[in-house]
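Residue-level structural notes
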Amino acid sequence: MRGAAGPRLVGMNNTPTTSTTGLLTDKVAFVTGAGRGIGAAAARLFAREGARVLLAARTETELKAVTEEIRAAGGTAEHVVCDLADPASVRAAVDRCVELYGRLDAAFNNGAAGQRPGPMEQLPEADFDQVCAVNLKGPWVAMNAEIAAIRATAGRGAIVNTSSVGSLMANPELPVYGATKGALNSLTASAAATYGPEGIRVNAIAPGTTLTEMLLEWEAQSPGTIEQLNSLTPLRRGADPHEVAEAAAWLLSDRSSYVTGTVLRVDGGMRA
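The structure contained in this document is the topic of the report that follows.

Conventions adopted
- Residues numbered from 1 in each chain as written.
- Predicted model: local features only at pLDDT ≥ 70, side-chain atom pairs only at ≥ 80, totals over all residues.
- Heavy atoms only, no water.
- Pairing = 2+ DSSP bridges.
- Helix = DSSP H or I, 4+ residues; strand = E, 2+ residues; numbered from the N terminus.
- Axes fitted to C-alpha atoms, helices over the stretch in contact; angles between N-to-C directions.
- Contact = heavy atoms within 4.5 Å.
- Salt bridge = Lys/Arg side-chain N within 4 Å of Asp/Glu carboxyl O.
- Buried < 20%, exposed > 50% of the residue type's maximum accessible area, 1.4 Å probe, protein only.
- Parallel < 35°, antiparallel > 145°, perpendicular 65-115°, else oblique.
- Left-handed = near helix turned anticlockwise from the far one by under 90°.
- Core = buried A, V, L, I, M, F, W, Y, C linked by side-chain atoms within 4.5 Å.

Thoughts on the sheet that holds strand β7 (residues 263-266)
- Read from one edge of the open sheet, 7 strands run β3-β2-β1-β4-β5-β6-β7, paired in parallel fashion. Edge positions in the sheet fall to β3 (76-81) and β7, since each has one partner strand and no second. Sheet twist, expressed as the average angle between the axes of neighbouring strands with direction ignored, equals 20°.
- Relative to β3, strand β2 (residues 52-57) runs parallel, the two sharing 6 bridges. Residue pairing across strands places Leu54 opposite Glu78, the latter belonging to β3.
- The sheet contacts of helix α2 (residues 60-72) involve β2 and β3, and relative to β3 the element is tilted by about 175°.
- Relative to strand β6 (residues 200-207), helix α8 (residues 241-252) is tilted by about 165°, and along the sheet it contacts β4 (106-109), β5 (157-162), β6 and β7.

Set out below in C-alpha cells:
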C-alpha cells in the first residue's frame, strides 16, 4: 500500500531527475540587515542562487561594498538605505524593490538591534524602546509591506524572519532581545496562518552562536561569552554567517514549498 505521498517520480530512464538551476533562480529577493553578518552572507548567497537582490540596511558604505562584491561575481544587486526603526523608510525600501525589479518573490527580514548584556533592570528604558522598535515593529511593518508587494506582483511568495535561539529559552543576559525575538516567532506563526491560503509562506530561523559583529561586540563586553556558548553546543563551535544564510535560502525557495509557520533552529544542537 502506498503512503500518502504517492510514488516517487523518476525520469524516462528510471533515474531521479535533477536540476542545475539555483535555489532562487528568477526570483526577486529583499534582504534587511544586508550590510554585514548573516544579512550580507544571505545577499551574496541569494545572488549566487539566481535571485535579483535588493540589499537594505542603515549604513550605505557597508551596503555598497556588498553590492559591488555581488556584481563582481556576476550577480544582480542594488541597495537602499533603510532604518527598521522608521516605518516610512521600511515601506519605501520595499516599494523600491518593486520599482527596480517589477516584483517581489522573497523577503528575508534579518536586520535587528542588539542590547547591552546584563540583567533586565539594568537596561535603560530608551534602549528597551529601541530594541522593540527595530526587532518587533520593524519586521511587522516590513511583512505588511512585503505581503502587499507579493500580492500585487508575484502573487505567491515566501518570507523568512530572523529570530534567535535565545527566544526559545530563558535569556538572562539579553532578556529584551530574547523577548522581542519570542514575539517575532508568534508574529511569524500568525502571518503563516493568515496568508497561507494565498500561497504566501512565512517562516523564521533561530540561529544559535553565529560569528557576527553583534556577537563579537558581546564578547568584547563580556569576555568568555563565545567559549561558554560553544560549551553548550554539541557541535562545539559557532556558525559562520553563510551557514545560517543557507537555511534562509532553502526556506525562501520552492524546495520548501510545504513548510510554513515554523521556527527552524540553526543552532548546532544547542536546544537539542
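There's more to say after this.
A word on the pattern of salt bridges
- In the structure shown here, the tally under the stated rule is 10 salt bridges.
- Lys27 serves as the salt-bridge partner of Asp254, at 3.2 Å between the closest nitrogen and oxygen. Residue Asp254 is located in the loop between α8 and β7, and its partner Lys27 is located in the segment before β1 (28-32); the two are separated by 227 residues in the primary sequence.
- Take Lys27: its relative accessible area is 15%, and that puts it in the buried class.
- Measuring nitrogen to oxygen at the nearest pair gives 3.5 Å for the salt bridge that ties Glu99 to Arg96. In this pair, Glu99 and Arg96 are both assigned in helix α3 (residues 87-101), 3 residues apart and thus about one turn of the helix distant.
- For Glu99, a relative accessible area of 59% gives the class exposed.

Overview of the environment of Ala42
- Along the chain, the position of Ala42 falls in helix α1 (residues 37-48).
- Note on Ala42: relative accessible area 0%, which makes it buried.
- In the structure, Ala42 is positioned 201 residues away from Glu243 in sequence and 9.3 Å away in space, judged by C-alpha atoms.
- Setting aside its immediate chain neighbours within four residues, Ala42 contacts Phe108 and Ala245.

What to know about the packing of α1 against α2
- In contact at an axis separation of 10 Å, α1 and α2 are set at 20° when each is read in the N-to-C sense. The orientation of α1 with respect to α2, classified from their angle, is roughly parallel. Note on packing geometry: the crossing formed by α1 with α2 is right-handed. Facing Ala40, Ala43, Arg44 and Ala47 of α1, the residues of α2 in contact are Val66, Glu69 and Ile70.

Here we look at the nonpolar core
- Counting residues in each nonpolar core, the largest one holds 35 residues, and the members touching the most others are Phe46, Val53, Leu55, Phe108, Ile205 and Leu252.
- When residues of this core are traced back to their parent elements, those giving at least two are β1, α1, β2, α2, β4, β5 and α8.
- In this structure, Phe108 is in contact with Phe30, Val31, Thr32, Ile38, Ala42, Phe46, Val160, Thr162, Ile205, Ala248 and Leu252, ignoring residues within four places of it in sequence.
- Core analysis: the second largest hydrophobic core is formed by 29 residues, Phe30, Leu54, Ala142 and Ile159 among them.

Don't take any of this as a statement about function, it's just geometry.
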